[in-house]
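Understanding the architecture of this molecule
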Amino acid sequence: MTQDELKQAVARAAADYVAQTAPAGSIVGVGTGSTANFFIDALAKIKDRYAGAVASSEVTRLRLERHGIKVFDLNDVTDIPVYVDGADEIDAGLNMIKGGGGALTREKIVAAVAREFVCICDASKLVDVMGRFPLPVEVIPMARAHVARELVKLGGQPVLREGFVTDNGNVILDVKGLSITDPKDLEAQINQITGVVTNGLFAVRPANLLLLGTADGVRSMR
């Protein structure tokens, strides 16, 4: 199977899971990225079961609306039974690196509200130790140089994501050269740097369920 076929398989499995677990009339959280896009396409086939969705980015909002799925502002939502999103890397503890698409802050906010986080990705994203994929850090623009110096002290090699501005009006530093053996601790350390909005480690709030696309089918991990 191609990588896109694996992504489509996990997206369909996620839509099936949502249909089985999210109550009719509820609001679903939807992530950002290529695998999340396939999930949106699958969700569209059962959209009449739900009141709508909360989007983690403007790109996701537009795709949902094109499918006729109502998009809610998170401030108007008190309960999200399930949030479905991809990952750039994920380990056996279901800790993740996210933010390759630049939506890490809004993704982290939606994940914080959701009762269950379902991660969908292909088998290439499952790793023993995270860090080969550069860790995105969203930064207030005026703090970029200061944050970069502090990230170097933590052993990273920060690189500005050129020509990119987040939906929140900030910049992203992609941090290379990390071997992330204690993701919760590193997530907390980076978030304490003045000027950091948040970083792409999802370890304090990891996934609850991983649907992993493999050549042998979709594998579930908790």
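In this text the structure is predicted, and so the values were computed from the model without any measurement. (Residues numbered from 1 in each chain as written. Predicted model: local features only at pLDDT ≥ 70, side-chain atom pairs only at ≥ 80, totals over all residues. Heavy atoms only, no water.)

1. Considering the sheet that holds strand β11 (residues 201–202)
Read from one edge of the open sheet, three strands run β4-β5-β11, paired in antiparallel fashion. In this open sheet, the two edge strands, each paired with only one partner strand, are β4 (89–90) and β11. In terms of strand pairing, strand β5 (residues 96–97) meets β11 through two bridges, oriented antiparallel. Its bridge partner lying in β11, Met96 is registered against Phe202. (Pairing = 2+ DSSP bridges. Helix = DSSP H or I, 4+ residues; strand = E, 2+ residues; numbered from the N terminus.)

2. Brief notes about the packing of aromatic side chains
By the definition in use, this model includes two aromatic pairs. Taken together, a centroid distance of 5.0 Å and an interplanar angle of 65° make the contact between Tyr83 and Phe117 edge-to-face. You can see Tyr83 sitting in strand β3 (residues 83–85) and its partner Phe117 sitting in strand β6 (residues 117–122), a full 34 residues away along the chain. Here Tyr83 matches Phe117 in class, with each residue buried. Ring geometry for Phe117 versus Phe202: centroids 6.4 Å apart, planes at 90°, classification edge-to-face. With a gap of 85 residues between them, Phe117 in strand β6 and Phe202 in strand β11 connect regions that are remote in the sequence. The burial state of Phe117 is the same as that of Phe202; both residues are buried. One aromatic cluster in this structure is built from Tyr83, Phe117 and Phe202. Its end group placed over the ring of Phe202, Lys98 keeps NZ or CZ at 5.5 Å from the ring centre. (Phe/Tyr/Trp six-rings, centres within 6.5 Å; stacked < 30°, edge-to-face > 60°. Buried < 20%, exposed > 50% of the residue type's maximum accessible area, 1.4 Å probe, protein only. Lys NZ or Arg CZ within 6 Å of the ring centre and 35° of its normal.)

3. A short note on the sheet that holds strand β7 (residues 135–139)
One key point about sheets: their strands pair by backbone hydrogen bonds, in either a parallel or an antiparallel sense. Strand order in this open sheet of four strands is β8-β9-β7-β10, and the pairing throughout is antiparallel. Looking along the sheet, the strands with just one partner apiece sit at the ends: β8 (157–160) and β10 (196–199). Put simply, the sheet's adjacent strands are angled 30° from each other on average, direction ignored. Examined bridge by bridge, β8 and strand β9 (residues 171–176) share four bridges and lie antiparallel to one another. What sits directly across from Val159, in β9, is Asp174. Docked against the sheet, helix α4 (residues 104–113) engages β7, β9 and β10, running at close to 70° with respect to β10. Sitting on the sheet, helix α6 (residues 183–191) touches β7 and β10, and the angle it makes with β10 is about 165°. (Axes fitted to C-alpha atoms, helices over the stretch in contact; angles between N-to-C directions. Contact = heavy atoms within 4.5 Å.)

4. With respect to the side chain of Ser56
Within the secondary structure, Ser56 is located in the loop between β2 (52–55) and α3 (58–66). When its relative accessible area of 0% is taken as the criterion, Ser56 is described as buried. Among the polar contacts made by the side chain of Ser56, one reaches the side chain of Thr32 at a distance of 2.7 Å. If near-sequence neighbours (up to four positions away) are discounted, Ser56 is found in contact with Val30, Gly31, Thr32, Tyr83, Ala103, Arg106, Glu107 and Val110. (Polar contact = N/O pair within 3.5 Å; in protein donor to acceptor, adjacent residues only side chain to side chain.)

5. Brief notes about the state of the cysteines
Enumeration over the complete set of coordinates arrives at zero disulfides. With no disulfide of its own, Cys119 has Cys121 as its nearest cysteine by sulfur position, at a separation of 4.2 Å. Relative accessible area serves as the criterion here: at 0%, Cys119 is assigned to the buried category. According to the relative accessible area criterion, Cys121 is buried, its value standing at 0%. (Disulfide = S-S within 2.5 Å.)

6. Section: the packing of helix α2 (residues 34–43) against α3
It is the contact of α2 with α3, at a shortest axis distance of 10 Å, that shows an interaxial angle of 25°. Between α2 and α3, the angle is such that the two are roughly parallel. Crossing geometry of α2 relative to α3 is assigned as right-handed. Of the residues in α3, those touching α2 at Asn37, Ile40 and Asp41 are Thr60, Arg63 and Leu64. (Parallel < 35°, antiparallel > 145°, perpendicular 65-115°, else oblique. Left-handed = near helix turned anticlockwise from the far one by under 90°.)

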